[in-house]
Amino acid sequence: MSAVLQNLIDQPYKHGFVTDIESDVVPKGLNESVIRSISARKNEPEWLLEFRLTAYRHWLTMTEPTWPNVTYPPIDFQDISYYSAPKPKKKLASMDEVDPELLRTFEKLGVPMHEQAALAGVAVDVIFDSVSVTTTYKKKLADVGVIFCSFSEAVHEHPELIRKYLGSVVPAGDNFYAALNSAVFTDGSFCFIPKGVKCPMELSTYFRINTQESGQFERTLIVAEEGASVSYLEGCTAPQFDTNQLHAAVVELVALDRASIKYSTVQNWYAGDENGVGGIYNFVTKRGLCQGVDSKISWTQVETGSAITWKYPSCVLLGDNSVGEFYSVALTNHLQQADTGTKMVHIGKNTRSTIISKGISAGRSNNSYRGLVKIAASAHGARNFSQCDSMLIGDRCSASTFPYIQVQNNGAKVEHEATTSKIGEDQLFYFASRGIDPEEAVSMIINGFVKDVFTQLPMEFAVEAGRLLGLKLEGSVG
Amino acid sequence: MSESTGKVLLDVRNLSATVAGVQILKGIDFTVRAGEVHAIMGPNGSGKSTFSKVLAGHPSYEVTGGEVEFDGQDLLALPAEVRARAGFFLSFQYPVEVPGVANSQFLRLAYNTVMGGRGREELDPLEFDDYVREKLQLLEMDPAFLERSVNTGFSGGEKKRNEILQMALLEPTLAFLDETDSGLDIDALRIVAHGVNSLRASGNAIVLVTHYQRLLNYIVPDFVHVMDGGRLVKTGGKELALELEARGYDWIGREAA
């Protein structure tokens, strides 16, 4: 039966192809002149160059974090190219002028770039290597005052907003990888939902790494003003290389009074092969600030890819009565390693947070949940509920849970529940004795395990995420 | 002992099997005809449970010799799920818990897979709900069972009723009930036995695997076999069970030696 389980979890990666396209790549290495050159290529204002250089100088004083429960050889930061962009023939006026090779790439990945062919109600910003290729439905969104564009465009079109909010949630020197990102980030998405506006469609960014020796450092900034709400989706894939690529993104969310932001991720970066060769190092800082009263930030993530995942989408609950949520499914297979979780920092009164984390480990992988619940002295009436469940498939993988709880207010209520279960021979035999084959059994058990999280995903995404888990875990029974 | 006239459903010839390299079954001969009820009794560790699991196709056990014909097919050549679809049923001594999977969902998938395979129409969730509620009554089970996760947090008795519920849904030709009476109080035992008896028909057969005689007061066997040391060492009628209850198993070993 272990051979059956083995077959179930040995599914090939479907997005591993490389697009043959001419790219503008900055030579490998990192120093101030590289940063100046990136900034110059993007024709950035002086204040942004200063932001980068300050971050870089701070980064030089920092050391890589070693506390995550993952192991990998030292990264040579001088052996990475910090900028790679598909070379456009000229400035694009419409989708029809996008390189057809790029269009084909995203078609193959199932990303709708033509508005008429797009999924109803989803606007997409497409990031290829480090650069935004196109953003759909801009006009329709602009009609209601929603700004949705690439980060570079926002720097030029809405500098006052970028200056106000960039680094306001994740400061440039926040941690090693956030500092690196702040120094070299190349593009990303910017969303701004003005006062009282409920964004009329889902906003989505699709990230694709194509170049072998470049890192990807994008930055996402979402601001929802008073009473505004938005649902934002993020998807990621990368080709199959036998070297590791570094992905160090920063995502900042700001919710003002009564605003609500729902941020969903389906992460399927290339995970390396069954022997752990290649794959993305996904070292990402995501944090949301519930700045206003009655505001709400909800993170939902389905992490299936990357050789190493190191990310903790967090909420700082500053406004009174604000709400933070974290729903996560992290699947690791083969030699993948994940150290992921969240931080809920309660500062305002009556702030509430919910954490539901489901880790699935298969193969020889290592899956850790790490989470911090912090209740500050000012957070009267704060409440948290955490549930961390781990599932093991086979007997060569491992799962760990590292919950940290710091409470400085006596009136706070903090609950933590955790379970570990295993899909093993006996469970599959039980299903088999009722006529159900192992593939269907695993799929039913996994779906049951993740359903509390999947119900949080927008419909289209839930379908995609379900399919993705299926691809990763199902297959022909040998 | 009653007269045997039904068609042969199960024919086991000289079956031997190991688990983790240890020989547990050492040459079993066993025949079951349609319409019959058999009881396999024996002391702990005699190989009773192993025998059921080997027939159901548990992957941890390796068949090292012998043949098994089930309803005209070579049973040992079929994967476990195909054995179930072909009409072989095992009621587990320790049913597995499956957190997060609703019992109704699991039962419906099993029903549609097994019965669908036999030409019965597949049922959608609403149709299945109607169908399964009738079966629940048979076992005096609360419909709330359907919404709970499969066997998760069930008491011993609830788990056993859930097993017999599955038997009622899958209408097996041959059912092995492994220690179905263990963990049952007297009321639950009566309900489960009533359920099993109502599923008896001239075209199917039941094998009760049990340590104690008390279940046999409710489900009366045509044949009683004694297993010891991986072999069936004695066969008799229902009165053999009473004798075992009175005298224990030791005398059988001496007699067989």
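Now for a description of the structure that goes with this document. Note that the structure is predicted; figures quoted are calculated from it, not measured.

**Notes on the overall build of chain A**
Argument step 1. Within chain A, the secondary structure is distributed over 11 helices and 23 strands.
Argument step 2. Of all 478 residues assigned to chain A, the portion counted as buried reaches 63%.
Argument step 3. The contacts in chain A between residues at least 6 apart in sequence include a share of 84% that link residues at least 24 apart.
Argument step 4. Surface accessibility of chain A: about 17,600 Å² in total, with carbon and sulfur atoms responsible for 50%.

**Here's the deal with the packing of helix α9 (residues 425-432) of chain A against helix α10 (residues 438-454) of chain A**
All names here are of chain A.
Argument step 1. Contact geometry for α9 and α10: axes closest at 9 Å, N-to-C directions at 115 degrees. Taken together, the axis directions place α9 and α10 in an arrangement best described as roughly perpendicular. α9 and α10 meet at a crossing whose hand is right-handed. Two secondary-structure elements touch here, α9 through Gln-427, Leu-428 and Phe-431 and α10 through Pro-438, Ala-441, Val-442, Met-444 and Ile-445.
Argument step 2. Of the residues in the contact of α9 with α10, the class split is 7 nonpolar, 1 polar and no charged.

**Describing the pattern of salt bridges**
Residues and elements named next belong to chain A.
Argument step 1. Under the counting rule described, the total for this entry stands at 22 salt bridges over all chains.
Argument step 2. Across the pair Glu-234 and Lys-286 runs a salt bridge, and its minimum N-O distance is 3.0 Å. Of this pair, Glu-234 sits in strand β9 (residues 229-237) while Lys-286 is found in strand β13 (residues 279-290), placing the two residues 52 residues apart along the sequence. Note on accessibility: Glu-234 and Lys-286 belong to one class, buried.

**What to know about unusual backbone geometry**
Residues and elements named next belong to chain B.
Argument step 1. Phi is positive for Asn-14, which is not a glycine, with a value near 55 degrees.
Argument step 2. Relative to the elements of secondary structure, Asn-14 occurs in strand β1 (residues 8-19).
Argument step 3. Residue classification places Asn-14 among the partly exposed positions, given a relative accessible area of 49%.
Argument step 4. With a phi close to 50 degrees, Ala-20 is a non-glycine residue in the positive phi region.

**Notes on the nonpolar core**
Nonpolar side chains tend toward joint burial in soluble globular proteins.
Argument step 1. Among the nonpolar cores identified, the biggest contains 116 residues, and Leu10(B), Phe30(B), Phe51(B), Leu55(B) and Phe176(B) are the most heavily contacted of them.
Argument step 2. Residue contributions to this core peak at 9 residues, all from α10(A).
Argument step 3. When neighbours within four sequence positions are excluded, Phe30(B) is seen to be in contact with Leu10(B), Asp11(B), Val12(B), His38(B), Ile40(B), Phe51(B), Phe176(B), Val207(B), His225(B) and Leu232(B).
Argument step 4. Listed in part, the 55 residues of the second largest apolar core include Leu30(A), Tyr56(A), Leu221(A) and Tyr281(A).

**Description of the sheet that holds strand β4 (residues 61-70) of chain B**
All names here are of chain B.
Argument step 1. If you walk across this open sheet you meet the 4 strands as β2-β1-β4-β5, and the pairing is antiparallel. Two strands lie at the open edges of the sheet, namely β2 (22-33) and β5 (73-74), each paired on one side alone.
Argument step 2. Two elements, β1 and β2, share 9 bridges in a ladder whose sense is antiparallel. If you follow Val-19 over to β2, its bridge partner there is Val-22.

What counts and what doesn't
- Residues numbered from 1 in each chain as written.
- Chains lettered and ligands numbered in written order.
- Predicted model: local features only at pLDDT ≥ 70, side-chain atom pairs only at ≥ 80, totals over all residues.
- Heavy atoms only, no water.
- Helix = DSSP H or I, 4+ residues; strand = E, 2+ residues; numbered from the N terminus.
- Buried < 20%, exposed > 50% of the residue type's maximum accessible area, 1.4 Å probe, protein only.
- Contact = heavy atoms within 4.5 Å.
- Areas by Shrake-Rupley, 256 points an atom, 1.4 Å probe, with all protein chains shown as cover.
- Axes fitted to C-alpha atoms, helices over the stretch in contact; angles between N-to-C directions.
- Parallel < 35°, antiparallel > 145°, perpendicular 65-115°, else oblique.
- Left-handed = near helix turned anticlockwise from the far one by under 90°.
- Nonpolar A, V, L, I, M, F, W, Y, C, P; charged D, E, K, R; others polar.
- Salt bridge = Lys/Arg side-chain N within 4 Å of Asp/Glu carboxyl O.
- Core = buried A, V, L, I, M, F, W, Y, C linked by side-chain atoms within 4.5 Å.
- Pairing = 2+ DSSP bridges.

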